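Tertiary structure, described
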Amino acid sequence: GGVYGRYGLNKDALGSCDDLLISLHNKLAKIGTPMDINNIVSMIGEETDSAENASYIVTISKRVQKGPFGEFGLKEWPSIKPRGVRDKAYLVFEKEQKPLHFREISILIDKHFKKTKLMKATHPQTVHNELIKDPRFVLVGRGLYALSEWGYSTGVVKDVIKELIKKNGPLTRDDIIDRVRNERYVKDNTIVVNLQDSTIFKRDRDGRYKLV
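If you're wondering where the values come from, they're calculated on a predicted model, not measured in any experiment.

A word on the overall build of the protein chain. Secondary structure summary: the protein chain contains nine helices and seven strands in total. Relative to its 212 residues, the protein chain shows a buried fraction of 39%. Sequence separation of 24 or more characterises 48% of the internal contacts of the protein chain that already satisfy a separation of 6 or more.

Right, let's get into the packing of aromatic side chains. Overall, the coordinates contain three aromatic pairs when judged by the stated rule. Between the aromatic rings of F69 and F113, the centroid separation amounts to 6.2 Å while the plane-to-plane angle is 65°, which identifies the pairing as edge-to-face. Placement of F69 in the loop between β1 (64–66) and β2 (72–74) and of F113 in helix α5 (residues 102–113) is noted, with a sequence separation of 44 residues between them. The class for F69 is partly exposed, based on a relative accessible area of 30%. An angle of 85° between the planes, with centres 5.9 Å apart, marks the rings of F93 and W150 as edge-to-face. Separated by 57 residues along the polypeptide, F93 in helix α4 (residues 84–96) and W150 in the loop between β5 (144–147) and α7 (157–168) bring together distant segments of the chain. Site record: aromatic cluster; members linked through ring pairs are F93, F137 and W150.

Another point: the nonpolar core. Within the largest apolar cluster, 17 residues are counted, with the highest numbers of intra-cluster contacts made by L24, L28, I40, I57, V58 and V64. When contributions to this core are tallied by element, the ones reaching two or more residues are α1 (11–31), α2 (37–45), α3 (51–60) and β2. The greatest single-element share of this core, amounting to five residues, is contributed by α1. Excluding residues that lie within four positions of it along the chain, I57 makes contacts with C17, L20, L21, L24 and I44.

Here we take up the sheet that holds strand β4 (residues 137–141). Pairing in this open sheet of three strands is antiparallel, and the strands run β3-β5-β4 from one edge to the other. Edge positions in the sheet fall to β3 (100–101) and β4, since each of these pairs with one other strand and no more. Pairing of β3 with β5 involves two bridges; the strand directions are antiparallel. The residue of β5 that forms the bridge with H101 is L144.

The next subject is the environment of R103. Here R103 shows up in helix α5. Classification of R103 by relative accessible area gives partly exposed; the value is 49%. C-alpha separation for the pair R103 and L144, spaced 41 residues apart in sequence, amounts to 9.1 Å.

Before going further, it helps to spend a moment on the packing of α4 against helix α6 (residues 124–133). Running from N to C, α4 and α6 cross one another at 85°; their axes reach a closest spacing of 9 Å. With respect to their mutual orientation, α4 and α6 come out roughly perpendicular. Residues V85, R86, A89 and F93 of α4 form the contact with α6, whose participating residues are T126, V127, E130, L131 and K133. Among the residues making up the contact of α4 with α6, the classes are represented as five nonpolar, one polar and three charged.

Looking now at the pairing of β5. With burial as the criterion, each face of β5 is covered, one bearing L144 and A146 and the other bearing Y145 and L147. Inspection of the sheet shows β4 paired to β5 by four bridges, in the antiparallel sense. Residue V138 lies in a different strand from β5, and its bridge partner there is A146. In this structure, the hairpin formed by β4 and β5 is closed by a connection of two residues, where G143 is found at a positive phi of approximately 75°.

What follows covers α7. Think of an α-helix as 3.6 residues a turn; residues three or four steps apart then line up on the same face. The terminal C-alpha atoms of α7, which comprises 12 residues, lie 16 Å apart, in line with the 16 Å expected from a rise of 1.5 Å per residue. Burial in α7 covers these residues: V157, V160, I161, L164 and I165. Along the axis of α7, the buried residues cluster in a sector spanning 130°; they form a single face. Of the residues in α7, the exposed ones pointing more than 90 degrees away from the buried face are K166 and K167. Buried residues along α7 sit against α8 (173–183), α9 (188–195), β6 (201–203) and β7 (209–211). Directly beyond the C-terminal end of α7, a positive phi value near 85° is found at G169.

Conventions adopted
- Residues numbered from 1 in each chain as written.
- Predicted model: local features only at pLDDT ≥ 70, side-chain atom pairs only at ≥ 80, totals over all residues.
- Heavy atoms only, no water.
- Helix = DSSP H or I, 4+ residues; strand = E, 2+ residues; numbered from the N terminus.
- Buried < 20%, exposed > 50% of the residue type's maximum accessible area, 1.4 Å probe, protein only.
- Contact = heavy atoms within 4.5 Å.
- Phe/Tyr/Trp six-rings, centres within 6.5 Å; stacked < 30°, edge-to-face > 60°.
- Core = buried A, V, L, I, M, F, W, Y, C linked by side-chain atoms within 4.5 Å.
- Pairing = 2+ DSSP bridges.
- Axes fitted to C-alpha atoms, helices over the stretch in contact; angles between N-to-C directions.
- Parallel < 35°, antiparallel > 145°, perpendicular 65-115°, else oblique.
- Nonpolar A, V, L, I, M, F, W, Y, C, P; charged D, E, K, R; others polar.
- Expected span 1.5 Å × (residues − 1).
- Arc of directions from axis to C-beta.

Written out as C-alpha cells, the structure reads:
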C-alpha cells in the first residue's frame, strides 16, 4: 500500500525497488527534515545504478511527498503536510527567517497554503490566537512574533532589562539598548523609558544601571 503501481522485468527487479523504497523511507526518517529532490536522488543513488532509478523511486512512493516549498519528505511530517494554522505559521517563519506581524503571517499562510479561491481566507485574529497558545512562538514587539528557537526573550521590555542586569551585572545605557535590541524588536526610546522606572533600576556612580 506504500507505493503507486509499478512494473518490472522480473520479481528481482521489483524486490530491488522495494528495498530501495524502504531504505529511502528509513533515511528520510533519520534525517527528519525535507530535502531537495537532487539531494534525495544522490542519497539513494549510491544504492542503485542510475539517477533515473533513484528519481523513479521517489515518484512511486506514497509516503514521500512534495512539501509546500518544493522539497520532499515523509507525508506525516508537519513540514510536508501542515495541519492547522500553527504548523502553517511555523513554516512561514522558517521560510521568511525574520520576525513577522500576525497580520502578515495570515497573508503569507494564504499565499503558500490556500489551494483554491473557494477556501476561506485565514483571519488575522485566528493566527494571533493560535500563536499565543503555542510555545514555538514568542512575542517580540507589538503584534510581532518570532520563533522561540531563534533565542528571542519572552516578557515585557522591563523584564528583559532586569534579566540582562541579573546575568551581566551593572550595564551602561548603550549596552542595555544593544542587548535588548538583540532580543526584542523595540525602539531605543521604549528601552530608555523603561529604564526610568526608579522602583526597579538605579544608576551607580559610573552611570551604569543596576537593580534596586
